[in-house]
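# Overview (structure and organization)
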Amino acid sequence: MNLHEFQGKEILRSFSVQIPDGVLVSTPEEAVQAAKIIFKKTNKNSLVIKAQIHAGGRGKGGGIQIAKSLEEVYEKSKNLLGKYLITPQTSKTGKLVRKVLISDDVYSIPKGRKMKNSFFPPKEYYLSILVNRDIEKNVILYSKEGGIDIEDISKKCPDKIFLEELDPFLGLQLFQVRKIGYDLGFNEEVLLKNFRNFLISLYKAYLSCDALLLEINPLIQTFDHQILAVDTKMVLDDNALFRQKKYASFRDQKEENPIEIEAFEAKLNFLKLEGNVGCMVNGAGLAMATMDMIKSCGGNPSNFLDIGGSADKERVEKAFRIILKDPSVKTILINIFGGIVRCDTVAEGIINSYYNIDHKIKIPVIVRLQGTNEIIAKKRLENSQLPIYYTSTLKEAADKIKKILRS
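Computed from a predicted structure; not experimentally measured. (Residues numbered from 1 in each chain as written. Predicted model: local features only at pLDDT ≥ 70, side-chain atom pairs only at ≥ 80, totals over all residues. Heavy atoms only, no water.)

Considering soluble globular proteins, one finds that nonpolar side chains tend to be buried as a cluster. In terms of nonpolar packing, the biggest core is built from 39 residues, with L12, L127, I140, F186, F195, L199 and L202 touching the most fellow members. Contributions of two or more residues to this core are made by α1 (5-14), β7 (124-132), β8 (137-143), α5 (174-183), α6 (189-208), β10 (211-221), β11 (227-229) and β12 (232-236). Excluding its chain neighbours within four sequence positions, the residues that come into contact with L127 are I140, L141, Y142, I180, F195, L199, L202, L214, E215, I216 and L219. With 32 residues, the next largest nonpolar core counts I307, F320, I334 and V346 among its residues. (Core = buried A, V, L, I, M, F, W, Y, C linked by side-chain atoms within 4.5 Å. Buried < 20%, exposed > 50% of the residue type's maximum accessible area, 1.4 Å probe, protein only. Helix = DSSP H or I, 4+ residues; strand = E, 2+ residues; numbered from the N terminus. Contact = heavy atoms within 4.5 Å.)

All chains considered together, the criterion is met by six aromatic pairs. For the ring pair Y247 and F250, a centre distance of 5.6 Å and an interplane angle of 65° mean the geometry is edge-to-face. Put simply, the rings of Y125, F186 and F195 pair up and form one aromatic cluster. The side chain of K123 reaches across the aromatic face of Y125, ending 4.8 Å from its centre. The residue whose ring lies beneath R251 is F264, and the NZ or CZ to ring-centre distance is 5.2 Å. (Phe/Tyr/Trp six-rings, centres within 6.5 Å; stacked < 30°, edge-to-face > 60°. Lys NZ or Arg CZ within 6 Å of the ring centre and 35° of its normal.)

Reading across from one edge, β1-β6-β2-β3 is the order of the four strands in this open sheet, with antiparallel pairing throughout. The open sheet has two free edges, formed respectively by β1 (22-25) and β3 (64-67), since each of these has just one partner strand. On average, adjacent strands in this sheet sit at an angle of 25° to one another, irrespective of strand direction. Where β1 and strand β6 (residues 100-104) come together, four bridges link them in antiparallel fashion. Within β6, the position partnered with V23 by the bridge is I102. Strand contacts of helix α2 (residues 28-42): β1, β2 (47-51), β3 and β6, with the helix running at about 15° to β6, the strand carrying the most contacts. (Pairing = 2+ DSSP bridges. Axes fitted to C-alpha atoms, helices over the stretch in contact; angles between N-to-C directions.)

Below, the discussion takes up the packing of helix α11 (residues 343-356) against helix α12 (residues 374-384). Remark: α11 packs on α12, axes separated minimally by 7 Å, with the N-to-C direction vectors making an angle of 20°. As summarised for this structure, α11 and α12 are arranged roughly parallel, according to the angle between their axes. Note on packing geometry: the crossing formed by α11 with α12 is right-handed. Counting all contacts with α11, which are made through C343, D344, A347, E348, I350, I351 and Y355, the residues of α12 involved are E374, I376, A377, R380, L381 and S384. A per-class count over the contact of α11 with α12 returns eight nonpolar, one polar and four charged. (Parallel < 35°, antiparallel > 145°, perpendicular 65-115°, else oblique. Left-handed = near helix turned anticlockwise from the far one by under 90°. Nonpolar A, V, L, I, M, F, W, Y, C, P; charged D, E, K, R; others polar.)

Here the focus is the side chain of T331. Looking at the secondary structure, you find T331 in strand β16 (residues 331-338). Not counting chain neighbours up to four residues away, the residues in contact with T331 comprise N276, V277, G278, I363, P364, V365, I366 and I404.

Turning our eyes to something else, we now look at α6. Within an α-helix, residues lying three or four positions from one another point in the same direction, as the helix has 3.6 residues per turn. For α6, spanning 20 residues, the distance from its first C-alpha to its last is 28 Å, which sits close to the expected 28 Å at 1.5 Å a residue. Every buried residue of α6 is accounted for by L191, L192, N194, F195, F198, L199, S201, L202, Y203, A205 and Y206. (Expected span 1.5 Å × (residues − 1).)

Residue position: L192 is located in helix α6. Residues L192 and I180, spaced twelve residues apart in sequence, show a C-alpha to C-alpha distance of 9.7 Å. Setting aside residues up to four positions removed in sequence, L192 forms contacts with R178, G181, Y182, F186 and N187.

A few words now on the packing of helix α10 (residues 313-324) against α11. Contact geometry for α10 and α11: axes closest at 8 Å, N-to-C directions at 50°. Taken as axis vectors, α10 and α11 run oblique relative to one another. Where α10 crosses over α11, the handedness of that crossing is right-handed. Across from K313, V316, E317, F320 and R321 in α10, the residues of α11 making contact are T345, V346, E348, G349, I350, N352, S353 and N356. Class assignment of the residues belonging to the contact of α10 with α11 gives a composition of four nonpolar, five polar and four charged.

Overall, the coordinates contain 26 salt bridges when judged by the stated rule. K95 is the salt-bridge partner of E255, the closest N and O atoms lying 3.6 Å from each other. Placement of E255 in the loop between α7 (245-248) and α8 (258-265) and of K95 in strand β5 (residues 95-96) is noted, with a sequence separation of 160 residues between them. Across the salt bridge formed by R178 and E189, the nearest N and O atoms sit 3.5 Å from each other. Residue R178 is located in helix α5, and its partner E189 is located in helix α6; the two are separated by eleven residues in the primary sequence. (Salt bridge = Lys/Arg side-chain N within 4 Å of Asp/Glu carboxyl O.)

To continue, consider unusual backbone geometry. Across the junction of N217 and P218, the peptide omega takes the value 5°, indicating a cis bond. Within the secondary structure, P218 sits in strand β10. One non-glycine residue, E136, lies in positive phi territory at about 55°. Relative to the assigned elements, E136 resides in the loop between β7 and β8. Positive phi, close to 60°, is recorded for N373, a residue that is not glycine.

According to the stated counting rule, one finds zero disulfides in the structure shown. Note on C279: no disulfide assigned, nearest cysteine sulfur contributed by C297 at a separation of 10.0 Å. By relative accessible area, C279 is classed as buried at 2%. (Disulfide = S-S within 2.5 Å.)

Dropping the structure here:
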């Protein structure tokens, strides 16, 4: 589950991680009132207006604006709110900005104050904590080169990206904190102490929330040696929300694909992709293999859809309805291995779908059912006299997909 920046910062604040002052607003008028609070509290001549959407690259897309007066706050927030923001991580249509965060400009100095030390303006760093499934450990990625160009740096200069593996039983150790601090250039003892407190609190927040990703970009060192999380990206594990009731309410369904939400409510594991072959499979492993097979025969999967081991006739029909909402789908492949789920149950769901779906199923449907009650399932499909292509092997299914896509 993706969180907005303001939600991630709310969590971090509760774990004593330092973040800039900010106020969430949804109208230009609210933005002006929030700006008055921020200007008064920081005693600065500028603040930051940050669009709140589930996508990175907001700075490159114009979603982060500097304002130096209440008039600018009004105009710039008005230009963001209610508009679609296009970034390198959104679709071509972009994402609708419903809220903005009015935040302290940590790159400016309070009025009447002069900075003479080398820590101003602040230097940007990158730090993230995430799950590495290959090694079954949490890892910390970090770099001296933070900011909006971190993706380019990771591709062009991978040697500037450091990685620290965390033992799942021992957790984050103090020697690792010091090593990361030294690699980032935090050599003074006062600074190392503040970084230690920051990173320990950050890791505690990551574990406590059952997060899959906690990214701080940029992380900065202030003029008075404080460590500050300027921007935050958090992704929580959906499978752990049953024990994260407080954070489950943070889900913003307006930011998610409505079809994926519909599938989630129907207990279907669904992910929209850009392709022309709809997939209905049971089991994540079989689904991945099926998608590979589709690619190998010249097609592209339009979705990942796992109906699960407890699928019934209604769920199969719902899966059909969801796949058919994609106009780019030219054919549907149903690949079921009947272990827990019975093949005859899936067959009944297929037959019901043909009779119950209002606009009917007008594209070719290829079916491969193998396992429990597969003979019964095949007979029911044959007796239905529906325009279904029944195959016994994946090779037959692949050949049929090739023929359909070439016609």
